[in-house]
Amino acid sequence: MQTFLVKAARAAAAHAHCPYSQYPVGAALLTADGQVYTGCNVENVSYGLSICAERTALFKAVSAGCRDFAALAVAGGDKQPAAPCGACRQVLAEFCSPGTPVVVARLKGGKAITTTLGALLPMGFASLK
Ligand code: THU
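Since the model is a prediction, treat every value here as computed from it, not as a measurement.

(A) Region of the structure containing the packing of aromatic side chains. Considering all chains together, one arrives at one aromatic pair under this definition. Look at Tyr20 and Tyr47: their rings are 5.3 Å apart centre to centre, the planes differ by 35 degrees, and that puts the pair in the tilted class. One end of the pair, Tyr20, is in the loop between α1 (2–13) and β1 (25–31); the other, Tyr47, is in the loop between β2 (36–40) and α2 (53–63), with 27 residues separating them in the sequence. A relative accessible area of 38% places Tyr20 in the partly exposed class.

(B) The nonpolar core, seen in detail. Membership of the largest hydrophobic core comes to 19 residues, with the highest contact counts inside it found for Leu29, Leu58, Ala61, Phe69, Leu72, Leu92 and Val102. The leading source of residues in this core is α2, at five residues. Ignoring sequence-local partners within four residues, the contact set of Val102 consists of Leu72, Pro84, Ile113, Thr114, Thr115, Thr116, Leu117 and Leu120. In this structure, Ala9, Leu30, Ala71 and Ala105 belong to the second largest nonpolar core, which totals eleven residues.

(C) Quick peek at the site of the ligand. For the ligand, the full set of nearby residues is Ser21, Tyr23, Val25, Asn41, Glu43, Cys52, Ala53, Glu54, Ala83, Pro84 and Cys85. One nitrogen or oxygen atom from the main chain of Ala53 is found 2.9 Å from an oxygen atom belonging to the ligand.

(D) Structural context of the sheet that holds β2. In spatial order, the strands read β2-β1-β3-β4-β5; together these five strands make up an open sheet with mixed pairing. A strand with exactly one partner marks an edge of an open sheet, and here the two such strands are β2 and β5 (113–116). Strand-to-strand, the axes of this sheet are offset by a mean angle of 20 degrees, without reference to chain direction. Sheet topology note: the strand β3 (residues 69–76)/strand β4 (residues 101–105) ladder contains four bridges and is parallel. By the bridge assignment, Ala75 is partnered in β4 with Ala105. Seen against the sheet, α2 touches β1, β2 and β3 and runs at an angle of roughly 140 degrees to β2.

The rules behind the values
- Residues numbered from 1 in each chain as written.
- Predicted model: local features only at pLDDT ≥ 70, side-chain atom pairs only at ≥ 80, totals over all residues.
- Heavy atoms only, no water.
- Phe/Tyr/Trp six-rings, centres within 6.5 Å; stacked < 30°, edge-to-face > 60°.
- Helix = DSSP H or I, 4+ residues; strand = E, 2+ residues; numbered from the N terminus.
- Buried < 20%, exposed > 50% of the residue type's maximum accessible area, 1.4 Å probe, protein only.
- Core = buried A, V, L, I, M, F, W, Y, C linked by side-chain atoms within 4.5 Å.
- Contact = heavy atoms within 4.5 Å.
- Near = heavy atom within 4 Å.
- Polar contact = N/O pair within 3.5 Å; in protein donor to acceptor, adjacent residues only side chain to side chain.
- Pairing = 2+ DSSP bridges.
- Axes fitted to C-alpha atoms, helices over the stretch in contact; angles between N-to-C directions.

What follows is the structure, given as structure tokens:
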């Protein structure tokens with residue numbers, strides 16, 4: 001599963017639009033019923049409007065009606081794997097439980113690292129009153 005998802009994330013990175021950072025990232029989100037939604041970073045000339053690969057994948061999945069997710073893989077970086085940024089961690093936490101496996105890998109080669117969303121986002125914001 002891990003290898004398969006990392007492969008999908010790496011393939012998605014090929015579609016990255018990153019003329020400003022030159023840093024392609026791909027993400028692959030596995031749904032509970034076995035579908036895979038991929039995403040890449042899509043940058044904008046007004047830098048702040050850029051979106052990360054993880055949120056692209058998540059928003060594609062959610063907008064297609066998926067709400068249950070089993071795992072996420074992210075592929076990016078030459079020397080060390082791209083781990084999801086803080087904003088993506090919080091957005092992922094809206095739909096993924098803390099135990100959701102998150103696999104991070106370099107764009108090519110190297111060893112993938114598996115962690116969980118809960119480990120990446122301890123004490124994320126929750127509006128429960
Ligand atoms: N980026 C992602 O897509 N995902 C990450 O996990 C980290 C950063 C993107 C944002 C920007 O387009 C580029 O990588 C450099 O920061």
